[in-house]
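# Summary of structural features
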Amino acid sequence: MNINFNLISKEDILTILPLLRKANTTTPKDILKARVLEMAAYPNYECIGVFDDDKLIGICGLWYSTRHYIGKSVEPDHVIVDENYRGNNIGKQLFKWVYDYTKSKGYEAVELNTYTTNRKSHKFYYNEGFEIYGFHFLKIIRDEKSFF
């Protein structure tokens, strides 16, 4: 394995869709594509690609903001490593890269959400030194109340 980490350009952002579909199986493909394109257009979003040589094997979106309670923070989102590559410390390497990269940009904290049923991610984040400080609540206000 020759693992490397690189920003995915806005022009190449749709290359993340096959991996993203593994974590998001409920959103219709056309809606997911439109959302990813819109996310990539925001100035406070970047996407990191994890590559084995030139093969995309992992992704991690980064959302940047300033919060009154912690300062400049980054939120990793849709963190996915291809199941064939799990167990090789790629997640640990990815997060070290994220910490170093975002700290070099002047960010002070990392905060994230993870699904309550994703127990493997909970263990990973605990081992990374994350602590639970609250709950993430969601209310759908569009007419279509399905979660997608």
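Residues numbered from 1 in each chain as written. Predicted model: local features only at pLDDT ≥ 70, side-chain atom pairs only at ≥ 80, totals over all residues. Heavy atoms only, no water.

- You'll find the chain entered in an unreviewed UniProt entry as GNAT family N-acetyltransferase, with Tenacibaculum singaporense given as the organism.

## Let's talk about helix α2 (residues 29–41)
- Taking 1.5 Å of rise per residue, 13 residues should cover 18 Å, and α2 covers 19 Å from first to last C-alpha, within 8% of that figure.
- Among the residues of α2, L32, V36, M39 and A40 are the ones counted as buried. Along the axis of α2, the buried residues cluster in a sector spanning 95°; they form a single face. Exposed residues lying more than 90 degrees from the buried face of α2 are D30 and A41.
- Looking at the buried side of α2, the elements it contacts are α1 (17–23), β2 (45–52), β3 (55–67) and β4 (71–81). (Helix = DSSP H or I, 4+ residues; strand = E, 2+ residues; numbered from the N terminus. Expected span 1.5 Å × (residues − 1). Buried < 20%, exposed > 50% of the residue type's maximum accessible area, 1.4 Å probe, protein only. Arc of directions from axis to C-beta. Contact = heavy atoms within 4.5 Å.)

## A short note on a positive patch on the surface
- A surface patch of like charges, here positive, comprises R35, K139, R142 and K145.
- With respect to the helices, strands and loops of the structure, R35 is situated in helix α2.
- Judged by its relative accessible area of 31%, R35 falls in the partly exposed class. (Patch = residues over 30% accessible without salt bridge, like charges linked within 9 Å, V, L, I, M, F, W, Y side chains within 5 Å. Areas by Shrake-Rupley, 256 points an atom, 1.4 Å probe, with all protein chains shown as cover. Salt bridge = Lys/Arg side-chain N within 4 Å of Asp/Glu carboxyl O. Lys, Arg positive; Asp, Glu negative; His and termini not counted. Charge placed at Lys NZ, Arg CZ, Asp CG, Glu CD.)

## Brief notes about the UniProt feature "domain: N-acetyltransferase" (unreviewed entry) in the chain
- Residues annotated by UniProt as "domain: N-acetyltransferase" (unreviewed entry) correspond here to residues 3–148.
- In the segment residues 3–148, helix accounts for 30% and strand for 27%; the C-alpha atoms at its two ends are 32 Å apart. (UniProt positions renumbered as here; feature names shortened; annotations may be inferred.)

## Considerations on the pattern of salt bridges
- Scanning all chains against the criterion turns up six salt bridges.
- One salt bridge connects E128 with K92, and the closest N-O pair in it is separated by 3.0 Å. Of this pair, E128 sits in the segment after α4 (119–127) while K92 sits in helix α3 (residues 90–104), and the two are 36 residues apart along the sequence.
- A salt bridge links D100 to K96, with the nearest nitrogen and oxygen atoms 2.6 Å apart. Remark: K96 and D100 occur in helix α3; sequence separation between them is four residues, near one turn of the helix.
- Salt bridges sharing common partners tie together K22, D82 and E83.

## Re the packing of aromatic side chains
- Under the criterion given, the structure shown has 12 aromatic pairs.
- The interplanar angle of 50° and the centroid separation of 4.8 Å between the aromatic rings of Y64 and Y107 together place this pair among those described as tilted. A residue pair is termed long-range when its members are at least 10 positions apart, and Y64 in strand β3 and Y107 in the loop between α3 and β5 (109–110) qualify at 43 residues.
- Since its relative accessible area comes to 8%, Y64 is described here as buried.
- Accessibility expressed as a relative area gives 18% for Y107, which makes it buried.
- Look at F95 and F124: their rings are 5.5 Å apart centre to centre, the planes differ by 65°, and that puts the pair in the edge-to-face class. Residue F95 is located in helix α3, and its partner F124 is located in helix α4; the two are separated by 29 residues in the primary sequence. (Phe/Tyr/Trp six-rings, centres within 6.5 Å; stacked < 30°, edge-to-face > 60°.)

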